[in-house]
Amino acid sequence: MTLSSQLRAEVKAQRPWALIVLTILLFVQVAGFVGVAFWCAGLELPLWPLPLPWFDLAWPEHHLWAGVAAILALLTLLSAVGLLLLRRAAWVLAALVQCLTLALGLGLRFSPVYDFSGRALHSYGLYLALGFAVIQVVYLNTRDVQQALASAAACRARGGCE
């Protein structure tokens, strides 16, 4: 068995269920951010068979929000892939993305410019994004995730795992 195959076997054994769930949630969040970016840019969603007439967006800054959602999608994708590779920097990036998501979501919710107080579909989408962010912050701070990332970093620092 070569050193790289030993390292891969060790890293594979170090992925706890909390890290797997967190990574899946991050990929779902990427899909959500991409959908929001398409929605805000006024583009049709590819491979979406149903028309969405209630998505008429009348915000003057909709292209700005499309850009913000696209950047968040990219950062979330980078953090999800990094967590799959057990990189500690990915944990920091994932925490930063969730912090930005919560800050932007709460800013939008309580903004006097945008109305998220009703029962419109975009209000429920905002609440879903905020809920996803809170759940991911909890998973980011579980002991299993922290230990898996720390042991993978120590394994890489030694140049391999015995």
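Residues numbered from 1 in each chain as written. Predicted model: local features only at pLDDT ≥ 70, side-chain atom pairs only at ≥ 80, totals over all residues. Heavy atoms only, no water.

Student: I keep staring at the overall build of the protein and nothing clicks. Help me out?
Tutor: Across its full length, the protein holds 6 helices and 0 strands. Counting helices and strands in the order they occur from the N terminus, the protein gives α-α-α-α-α-α. Evaluated residue by residue, the protein yields a buried proportion of 33% over its 162 residues. Residue pairs at least 24 apart in sequence account for 74% of intrachain contacts in the protein once pairs closer than 6 positions are excluded. Approximately 9700 Å² of the protein is accessible, and the part contributed by carbon and sulfur atoms is 72%. (Helix = DSSP H or I, 4+ residues; strand = E, 2+ residues; numbered from the N terminus. Buried < 20%, exposed > 50% of the residue type's maximum accessible area, 1.4 Å probe, protein only. Contact = heavy atoms within 4.5 Å. Areas by Shrake-Rupley, 256 points an atom, 1.4 Å probe, with all protein chains shown as cover.)

Student: How do you make sense of the nonpolar core when you look at a structure like this?
Tutor: Nonpolar side chains in soluble globular proteins tend to be buried together. With 16 residues, the main nonpolar core has Leu 19, Leu 22, Leu 26, Leu 83 and Leu 86 as its most contacted residues. Among the secondary structure elements, those contributing two or more residues to this core are helix H2 (17-41), helix H3 (62-84), helix H4 (88-109), helix H5 (121-140) and helix H6 (143-158). Counting residues per element, this core draws most heavily on H2, at 5 residues. By size, the runner-up hydrophobic cluster in this structure holds 9 residues, among which are Trp 39, Trp 65, Ala 66 and Tyr 114. (Core = buried A, V, L, I, M, F, W, Y, C linked by side-chain atoms within 4.5 Å.)

Student: Got a minute to help me understand a nonpolar patch on the surface in this structure?
Tutor: On the surface, a cluster of nonpolar side chains totalling about 380 Å² of accessible area is made up of Phe 27, Leu 77, Val 81, Leu 84 and Leu 85. Relative to the elements of secondary structure, Phe 27 occurs in helix H2. Its relative accessible area of 33% is what places Phe 27 among the partly exposed residues. (Patch = residues over 30% accessible without salt bridge, like charges linked within 9 Å, V, L, I, M, F, W, Y side chains within 5 Å. Salt bridge = Lys/Arg side-chain N within 4 Å of Asp/Glu carboxyl O.)

Student: How should the environment of Gly 105 be read in this particular structure?
Tutor: Within the secondary structure, Gly 105 sits in helix H4. Under the relative-accessibility criterion, Gly 105 is labelled buried at 4%. C-alpha separation for the pair Gly 105 and Leu 126, spaced 21 residues apart in sequence, amounts to 6.5 Å. Gly 105 has contacts with Leu 126 and Leu 130, leaving out every residue within four places of it along the chain.

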